[in-house]
Amino acid sequence: MKKFYITTPVYYVNDVPHIGHTYTTVAADVLARWHGSIGEETFFLTGTDEHGANIETKAKTLKLEPKKYADQIAAKFIKTWQELNIANNNFLRTTNQVHIKAVQKALRYMHDQGDIYLSKYQGWYCRGCEQYKNERDLVNGLCPDHLTRPEKISEECYNFKLSRYQAELLKKIKKDELEILPLKRKNEMVSFYEKEGLTDVSFSRKNVNWGIPIPWDKSHTVYVWADAFLNYLTGLGWDGSAGQSPKFWPPAVQLMSKDILRVHATIWPAMLLSLKLPLPKKIFIHGYFLINGQKMSKTLGNVIAPDDLIKKYGVDAARYLIMSATAFGHDGDIGWEKFNDKYNADLANGLGNLVARVSNLLEKNKLALKLKINSDKKLVKAYKDSLENFKFDEALKLLWQKMRSADEFLSHKKPWKMLDSKKIKNILQPLAQDILNAASLLKPFMPTVSEKIIKQFTAKEIKKGEVLFPRI
Ligand code: MSP
């Protein structure tokens, strides 16, 4: 049986989930549901990244123990994903004891192999990114992502011999053995390898207490990224043993946005080589959601929370709006007005209205149809190709085109003006069949609504039913 393992990043618990995290998570859910539906054995992992300097500070300002604080936010992530009908197979918290033990075991192995050695780090560190920064990464002395001045640190540390893996990784990336998508992102990484190259990176912090102790030197804690990356393995039950792939390894695809591409295309695969494990097959970098051209931020007060989306539109509509908002690999502007317009056009006046019109006519004319989902081969193929190439918006457009032509056909034929029930049936039956087929393909995006439509249109007597998407 073909296996399909998909991951999202483990999200930092410095904040509650927003629509950016939701985007990656719903996309992973759609792909997991799709691959499951075509008979692949699927595992979908998400979780939270809970250690590090940033969380430590955040908890301190709230006068909470870091673990207490992390518990609260992790619970919020778990609850939000449940509300959004996310069907993840595991939720990995990096404070989980099994994860911690495995990280220690893995690092000890890397140390024993000579891939981790004692050194000293002197330079910049951005807490927001939890990353060491070169002068050339900064813009006017500030971290371009966080617009804050990184702190200058000078501390003893254990370094990871990242430089050792430069040649091997560059080769694998070029040959798509580690496929980085879209192509533009692969080219960026190739150019990074060729121009800047890999230098060793500190894998421990001497002055951060909120982390996993380095097993052979408890005066250090593990650098939060080294800890976090291993979630992709421990989330499958891996115990930290080098050379031992857990079931489902390696990931078919890992989703994220560009903020964390570089570390995922350098440190992460280098750790896997050091641990003698296969690399992920694909990394897909999706775009950022922007609001009126700006990044979402608390200070700007423009953050959209998944809770608000659900309250306003319902779960399935929220999932639809997120996945249809922009082309997956590109940045895209979103906002309440756009969501309202799209909700009304595609869902209230589109799908919802078509389902209501056709089912109403069938009920009125007391027509029994006995429909079954019969796959429209051309549609299925185009839909599958779009989805498997991460073109979520195009996959949805295919279904909406089908429904739009059904709607036009209905308006053109005007069966409500007819009396001959055979003629009426000849018009409505293929339309109902189109709706049923589209609904079945819509399942990964809108699991509940599509089930409802399928139930409605496969019933002995098709009834009008409740309004699916009330107009806003
Ligand atoms: N904890 C690290 C990841 C460790 S993975 C081993 C981290 N966490 S994060 O909470 O900052 O999440 C970053 C990810 O959230 C992005 O890569 C992306 O998947 C998602 N998004 C956060 N904001 C986003 C947008 N504005 N738009 C789209 N997705 C974004 O980095």
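Report on the accompanying structure. Values in this document were obtained by computation on a predicted structure and should not be read as measured data.

1. Describing the environment of Trp-216
By the secondary structure assignment, Trp-216 is in the loop between β10 (213-214) and β11 (217-222). A relative accessible area of 22% places Trp-216 in the partly exposed class. Apart from the residues within four sequence positions on either side, Trp-216 is in contact with Leu-107, Arg-108, His-111, Ile-116 and Tyr-158. Within the local environment of Trp-216, its side chain forms a polar contact with the side chain of His-111, the two groups lying 3.5 Å apart.

2. With respect to the packing of helix α3 (residues 66-83) against helix α11 (residues 306-313)
Contact geometry of α3 with α11 gives a least axis separation of 10 Å together with a crossing angle of 25 degrees. Regarding the angle of α3 to α11, the classification is roughly parallel. Read as a crossing pair, α3 and α11 show a hand that is left-handed. In contact with Lys-76, Thr-80 and Glu-83 of α3, α11 contributes Pro-306, Asp-307 and Ile-310.

3. Section: the sheet that holds strand β14 (residues 289-291)
Strands sit in the order β15-β14-β16 across an open sheet of 3 strands; the sheet is mixed. Each having just a single partner strand, β15 (294-295) and β16 (332-334) make up the two edges of the open sheet. In terms of strand pairing, β14 meets β16 through 3 bridges, oriented parallel. Bridged to Phe-289 within β16 is Gly-332.

4. A few points about the layout of surface pockets
Put simply, the largest pocket is a space of about 1600 Å³. Residue lining of the largest pocket: 50 residues in total, with Asn-14, His-18, His-146, Lys-295 and Met-296 positioned closest to the centre. Elements represented by at least two residues in the lining of the largest pocket include exactly β1 (3-12), α1 (19-37), α2 (53-61), β4 (116-126), α7 (224-229), α8 (231-234), β12 (253-257) and β15. As a volume, the second largest pocket reaches approximately 1000 Å³. In terms of lining, the second largest pocket is formed by 40 residues, of which the most central are Gln-131, Tyr-132, Asp-137, Phe-192 and Arg-262. Counting residues per element, the ones that place at least two in the lining of the second largest pocket are β4, β5 (131-133), β6 (151-160), α6 (183-195), β8 (201-202) and α9 (261-265). Top element by residues in the lining of the second largest pocket is β4. It accounts for 6 residues. Tallied by class, residues from the lining of the second largest pocket come to 17 nonpolar, 10 polar and 13 charged.

So, how was this worked out
Residues numbered from 1 in each chain as written. Predicted model: local features only at pLDDT ≥ 70, side-chain atom pairs only at ≥ 80, totals over all residues. Heavy atoms only, no water. Helix = DSSP H or I, 4+ residues; strand = E, 2+ residues; numbered from the N terminus. Buried < 20%, exposed > 50% of the residue type's maximum accessible area, 1.4 Å probe, protein only. Contact = heavy atoms within 4.5 Å. Polar contact = N/O pair within 3.5 Å; in protein donor to acceptor, adjacent residues only side chain to side chain. Axes fitted to C-alpha atoms, helices over the stretch in contact; angles between N-to-C directions. Parallel < 35°, antiparallel > 145°, perpendicular 65-115°, else oblique. Left-handed = near helix turned anticlockwise from the far one by under 90°. Pairing = 2+ DSSP bridges. 1 Å grid on protein atoms, 1.4 Å probe; cavity = no way out; pocket = protein on both sides within 12 Å on 5 of 7 lines; lining within 4 Å. Points joined across faces, edges and corners; volume = space filled by probe spheres on them. Nonpolar A, V, L, I, M, F, W, Y, C, P; charged D, E, K, R; others polar.

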